[in-house]
Amino acid sequence: MWPFPLEEYSVSTSRYKMKTLNLVFLCFLGVFSYQIMQVSYAADSYSTYYAELIMESSALPNITEELASHRSINVLVDKTATLKYVNITTECRIDNDKTNCTCKGDFIWSNDVCSFHPHCCTMEYCIMKTANLTPMCIPKLRVTVTGSITLQGEYQNDLADSNSEIFKYKSVELTNFLKKAFSELSGFDSLAITQFRKGSIIADFQMIVNAPFTSNDLSSKTRVLKENLTADIFLETKGLVIMEMPNMPVCFGCGIEISCEFQEVVDSTWQLRKEGIVKIVNGTEVTIKANGRISNLSITKASAIWKGSYECIFRVNNIDHKACKELDIALLPETVDKILDPQFPDCLGKPDKMQDSKITYKIKNDSENYMVYYDKEKITPIGQGKNNVSSDFIIYEVNTKINCTTDEDPVVELLFKNRLNNTLQVSATIPVIRHTIL
């Protein structure tokens, strides 16, 4: 049997002024199935739908043209939406028990694909047994809005249980109310209550929008919500700010340039997230410079203190628009502690003897997987967490012999090599007590 493609589509629709509809199709011999993910029937509102279709490859051009020719679709009884455009989001070829899929155009693997098939997340093509995740590919310019809303009322303990009746009731009630405002954003996909917390009643929610929107659009709709609910609302977006990072891993000691671009000219804040959150300001090693809608962060020398997750934040009308990415640096040890045993090998009166000596090297465990060499031979660290050694450090031991017949103090050299083959040579000179000539 010839392999045939499995196509995933994004279809935009309009109802009243405009209504967005995303469809994912899977069809086999004319069998059509679809799944409606989110529906909104308010005027000037948007919704996202998903469906599936399987077809033979020769039928693809005709099916795509046929779908694009339709200008309306029945989503429920007496409810119609107008199609605006049709995009192929995913193409899969099925061959026996294997499916080979790839994202098309301006689409990337969804979080579900990355969770269930982590090997696919960074690959152009993904081979899997079944392609049963909907949607498989999502728009690159997808915007995620996380928020919390503080409501008047007394918190009940059952609100902590997502399976409780009161959680379900309050969740549906609040979701529908929030959708009336936020579904007016172009490309609105979904909105869900994630949890209720104490503090009167604090509801956390997440919203997905499949297209960029202006910060003013979001601000105006949030302002109306605050007035109608008499509530405090906090919002944070990811997807409106575009962050550019250097190629990684960055070499140790190299300069670093990071930039963030927002749709408006507003002040920005930079943060570095490691064990905690550190605000980044201008200093001896870092410079922050604004250039219109772009904020640039420059670091003179890559080192362990600059490795972590970077966040740039643009605040507009008390809404934080954020981008966040991890900076990976191929490190080298910055501090190496050396311990000699014995501290002063004794060759006094033993000119024809060989003395044993042990050198212990201790470096901070910075997560870099070093290749370590002594006398061109690779050595491995001793057991971490053993012999009263903290797991925060990595210990290497070198055993050598000292020739008491020479007058020079021996030098033991250890070579550290990182992922980029950058090297650091660490020398330890052994001070020997020798025969003294009177």
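Refer to the structure above for everything that follows.
Novice: Would you take a moment to explain a nonpolar patch on the surface for this structure?
Specialist: On the surface, a cluster of nonpolar side chains totalling about 270 Å² of accessible area is made up of F344, L348 and I433. Within the secondary structure, L348 sits in the loop between β25 (336–341) and β26 (354–364). Look at L348 and you get partly exposed, because its relative accessible area is 42%.

Novice: Got a minute to help me understand the state of the cysteines in this structure?
Specialist: What we call a disulfide is simply a covalent bond connecting the sulfur atoms of a pair of cysteines. On inspection of all chains with the given rule, the structure shows 7 disulfides. Here C103 is linked by a disulfide to C137, with a sulfur-sulfur distance of 2.0 Å. Taking the torsion about the S-S bond as the criterion, the C103 to C137 disulfide, at about -85 degrees, is left-handed. Linking C103 in strand β7 (residues 98–103) with C137 in strand β10 (residues 137–139), this pair joins segments that are 34 residues apart in sequence.

Novice: Explanation requested: the pattern of salt bridges in the structure shown.
Specialist: A side chain of one charge can pair with a side chain of the opposite charge when the charged atoms of the two come close. Considering all chains together, one arrives at 14 salt bridges under this definition. Between R273 and E311 there is a salt bridge, with the nearest N and O atoms lying 2.9 Å from each other. Of this pair, R273 sits in strand β18 (residues 268–273) while E311 is found in strand β22 (residues 308–316), placing the two residues 38 residues apart along the sequence. Overall, the relative accessible area of 4% leaves E311 in the buried class. Salt bridges here are not isolated pairs; linked through shared partners, they connect E236, R273, E311 and K322.

Novice: Mind showing me how you'd approach the environment of T222 here?
Specialist: The topology assignment puts T222 in helix α4 (residues 215–229). In this structure the C-alpha to C-alpha distance between T222 and F182, which are 40 residues apart in sequence, comes to 8.2 Å. Not counting residues up to four positions away in its chain, the partners in contact with T222 are F182, I233, L235 and I319.

Novice: Looking at this structure, I do not really get α4. What am I missing?
Specialist: Each turn of an α-helix holds 3.6 residues, which means side chains three or four residues apart point in the same direction. For α4, which comprises 15 residues, the first-to-last C-alpha distance of 21 Å matches the rise-based estimate of 21 Å (1.5 Å per residue) to within 8%. Along α4, the positions that sit buried rather than exposed are S215, L218, S219, K221, T222 and L225. On its buried side, α4 packs onto α3 (165–182), β13 (201–209), β14 (232–238), β22 and β23 (319–327).

Novice: Just to check I follow, could you spell out the packing of aromatic side chains for this structure?
Specialist: Here the distance between the centres and the angle between the planes together describe a pair of aromatic rings. Per the counting criterion, the structure on display carries 5 aromatic pairs. On the numbers, 5.9 Å between centres and 85 degrees between planes, the contact of Y370 with F416 is edge-to-face. With a gap of 46 residues between them, Y370 in the loop between β26 and β27 (371–374) and F416 in strand β30 (residues 411–417) connect regions that are remote in the sequence. Accessibility assignment for this pair places Y370 and F416 in one class, buried. Ring centres of Y396 and F416 lie 5.8 Å apart, and the angle between their planes is 85 degrees; this geometry places the pair in the edge-to-face category.

Novice: Which parts of the structure should I look at to understand the sheet that holds strand β15 (residues 242–244)?
Specialist: Strand pairing in a sheet relies on backbone hydrogen bonds, with the paired strands running either antiparallel or parallel. Pairing is antiparallel in the open sheet, where 4 strands are placed in the order β15-β17-β21-β20. The open sheet has two edge strands, β15 and β20 (286–291), and neither has a second partner. Within this sheet the neighbouring strands show an average axis-to-axis angle of 15 degrees, counted without direction. Bridge analysis of β20 against strand β21 (residues 294–299) gives 6 bridges, and the strand direction is antiparallel. If you follow T287 over to β21, its bridge partner there is S298.

What counts and what doesn't
- Numbers given to residues run from 1 along each chain, matching the order in which its sequence is written.
- The predicted nature of this model means local features are confined to residues of pLDDT at least 70 and side-chain atom pairs, given and counted, to a pLDDT of 80 or more, with totals for whole chains, interfaces and linings taken over all residues.
- Heavy atoms throughout the structure, all of them, feed into the side-chain values; hydrogens and water do not.
- A patch is a set of surface residues, each over 30% in relative accessible area and not in a salt bridge, joined within 9 Å for like charges and within 5 Å for the nonpolar side chains Val, Leu, Ile, Met, Phe, Trp and Tyr.
- Surface exposure here means Shrake-Rupley accessible area, sampled with a 1.4 Å probe, where a residue is shielded only by the protein chains that are shown.
- Should a side-chain nitrogen of Lys or Arg be within 4 Å of a carboxyl oxygen of Asp or Glu, the pair is scored as a salt bridge.
- Numbering of helices and strands runs from the N terminus; a helix is a DSSP stretch of H or I covering at least four residues, while a strand is a stretch of E covering at least two.
- The buried label goes to any residue with under 20% of its type's maximum accessible area, the exposed label to any with over 50%, and the partly exposed label to all in between, with areas taken from a 1.4 Å probe on protein chains only.
- Any cysteine sulfur atom paired with another within 2.5 Å is treated as part of a disulfide.
- By the convention used here, residues are in contact when the closest approach between their heavy atoms is within 4.5 Å.
- Expected helix span is computed as 1.5 Å times (number of residues minus one).
- Two rings belonging to Phe, Tyr or Trp (six-membered ring only in the last case) form a pair when the distance between their centres is within 6.5 Å. Interplanar angles under 30 degrees mark stacking, angles over 60 mark edge-to-face geometry, and anything in between is tilted.
- Each pair of strands is called paired provided DSSP finds at least two bridges between the two strands.
- Convention adopted: a line fitted to C-alpha atoms gives each axis, helices being fitted over their contacting stretch, and angles between N-to-C directions are expressed from 0 to 180 degrees.

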